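Structural overview
This is what each chain is made of:
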Amino acid sequence: GAGVSQSPSNKVTEKGKDVELRCDPISGHTALYWYRQRLGQGLEFLIYFQGNSAPDKSGLPSDRFSAERTGESVSTLTIQRTQQEDSAVYLCASSATSGSRGEQYFGPGTRLTVT
Amino acid sequence: GENVEQHPSTLSVQEGDSAVIKCTYSDSASNYFPWYKQELGKRPQLIIDIRSNVGEKKDQRIAVTLNKTAKHFSLHITETQPEDSAVYFCAANQAGTALIFGKGTTLSVSS
């Protein structure tokens, strides 16, 4: 079946502009996660959805970052007034159940470059 | 919250040798410990995981051990091959929380 998909695959934007990144999880997966991976670095947790609610937003780096999920399906990560330090690959993952009961499947990521 | 430390950050071995990567975690409530492999430019993929009710799990050339008392777990790769070269991430969590990842280990296997 279809895996996790993300769009766009690449995004170049000017500093100060807003961007929206999209994640389509595996159908039926109730849990959805966003991570940020800077070049050569590890996976930095941003936010986690269980259904349409976000029980853990602790990783969002600033109030310029927000995310929503609708229909227990698609999620969008929005970065307002982008800064150069926002440049990274943004990875989305989904799992059939939350926490320790479900393997997380990753999407291919969106490479964001802020110039 | 959970904090995961991973060592070493880089590891170079000769083909056929074994490789061991170690992780420690801080939250004693964590009970799920997966390992992901990420090849250059690709997404992370799960290679093996272990839950807190077992101490060791093996799948062909890879194995993971868990010591809950000491709060550490390790990945063991035997008979390494060049295609094992990648970045490996450990992670930990408990029910209802997101996975927290270590910073990764870059494994290089030379033939």
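Heads up: the structure comes first, above all this text.
Residues numbered from 1 in each chain as written. Chains lettered and ligands numbered in written order. Predicted model: local features only at pLDDT ≥ 70, side-chain atom pairs only at ≥ 80, totals over all residues. Heavy atoms only, no water.

**Some words on the overall build of chain A**
This is how the line gets drawn: Elements are defined by DSSP. Helices are runs of H or I of four residues or more, strands are runs of E of two residues or more, and each kind is numbered from the N terminus. Two things to know: the radius of gyration comes from C-alpha atoms, and the globule rule equals 2.2 Å times the number of residues to the power 0.38. Only protein chains enter the accessibility calculation, which uses a 1.4 Å probe; a residue whose area is less than 20% of its type maximum is buried, one above 50% is exposed, and one in between is partly exposed. By definition in these notes, contact holds between two residues if any of their heavy atoms fall within 4.5 Å. The Shrake-Rupley method, run with a 1.4 Å probe, gives the accessible areas here. Residue values count only the displayed protein chains as cover. Counted charges follow a simple rule, with Lys and Arg positive, Asp and Glu negative, and His plus the chain ends left uncounted. For the purpose of locating charges, the reference atoms are NZ of Lys, CZ of Arg, CG of Asp and CD of Glu.
Along chain A, the regular secondary structure elements total zero helices and 11 strands. Counting from the amino terminus, chain A carries its helices and strands in the arrangement β-β-β-β-β-β-β-β-β-β-β. Relative to a compact globule of 115 residues, whose C-alpha radius of gyration would be 13 Å, chain A shows 13 Å and is just as compact. Seen through its C-alpha atoms, chain A measures out along the principal axes to roughly 40 × 25 × 25 Å. The burial tally for chain A puts 49% of its 115 residues in the buried class. Counting only contacts in chain A whose residues sit at least 6 apart along the sequence, the fraction spanning at least 24 positions is 55%. Of the roughly 5300 Å² of accessible surface on chain A, a fraction of 44% belongs to carbon and sulfur atoms. Charge-centre separation for chain A: the mean point of 12 positive side chains lies 3 Å from the mean point of 12 negative side chains.

**Structural notes on the sheet that holds strand β7 (residues 65–69) of chain A**
Residue and element names in this part refer to chain A. Cut-off, in case you're wondering: When DSSP locates at least two bridges between a pair of strands, those strands are taken to pair. Note on method: axes are straight lines fitted to C-alpha atoms, helices fitted across the in-contact stretch only, with angles between N-to-C directions ranging 0 to 180 degrees.
Spatially, the four strands line up as an open sheet ordered β1-β3-β8-β7, and their pairing is antiparallel. Whereas interior strands pair on both sides, the edge strands pair on one side only; in this sheet they are β1 (5–7) and β7. Averaged over all neighbouring strand pairs, the angle between strand axes comes to 15 degrees, with direction disregarded. Direction of pairing for β1 relative to strand β3 (residues 19–24): antiparallel, over a ladder of three bridges. From the neighbouring strand, Ser 5 faces β3, where its bridge partner is Asp 24.

**Focus: the interface of chain B and chain A**
We apply this condition: Values labelled buried area give the accessible surface lost by two parts on being combined, using a 1.4 Å probe and summing over both. By definition, a salt bridge exists where a carboxyl oxygen of Asp or Glu is found within 4 Å of a side-chain nitrogen of Lys or Arg. N or O atoms within 3.5 Å of each other form a polar contact, as long as, within protein, one can give a hydrogen and the other can take it, and as long as residues adjacent in sequence are counted only when both atoms are side-chain atoms. When residues are sorted by character, Ala, Val, Leu, Ile, Met, Phe, Trp, Tyr, Cys and Pro go into the nonpolar class, Asp, Glu, Lys and Arg into the charged class, and all the rest, Gly among them, into the polar class.
Taken together, the 19 residues of chain B in the interface contact 20 residues of chain A. For chain B, the biggest contributors to the area lost against chain A are Arg43(B), Ala98(B) and Phe101(B); these three give 30% of the whole. Across the contact surface, chain B and chain A share zero salt bridges. Inspection of the chain B/chain A interface yields four residue pairs in polar contact (both at pLDDT 80 or more). Listed by contribution, the elements that provide at least two residues to the side of chain B that touches chain A are β4 (32–38), β5 (45–51) and β10 (100–101) of chain B. Tallying contributions element by element places β4(B) first for the side of chain B that touches chain A, with three residues. By residue class, the composition of the side of chain B that touches chain A is 10 nonpolar, six polar and three charged.

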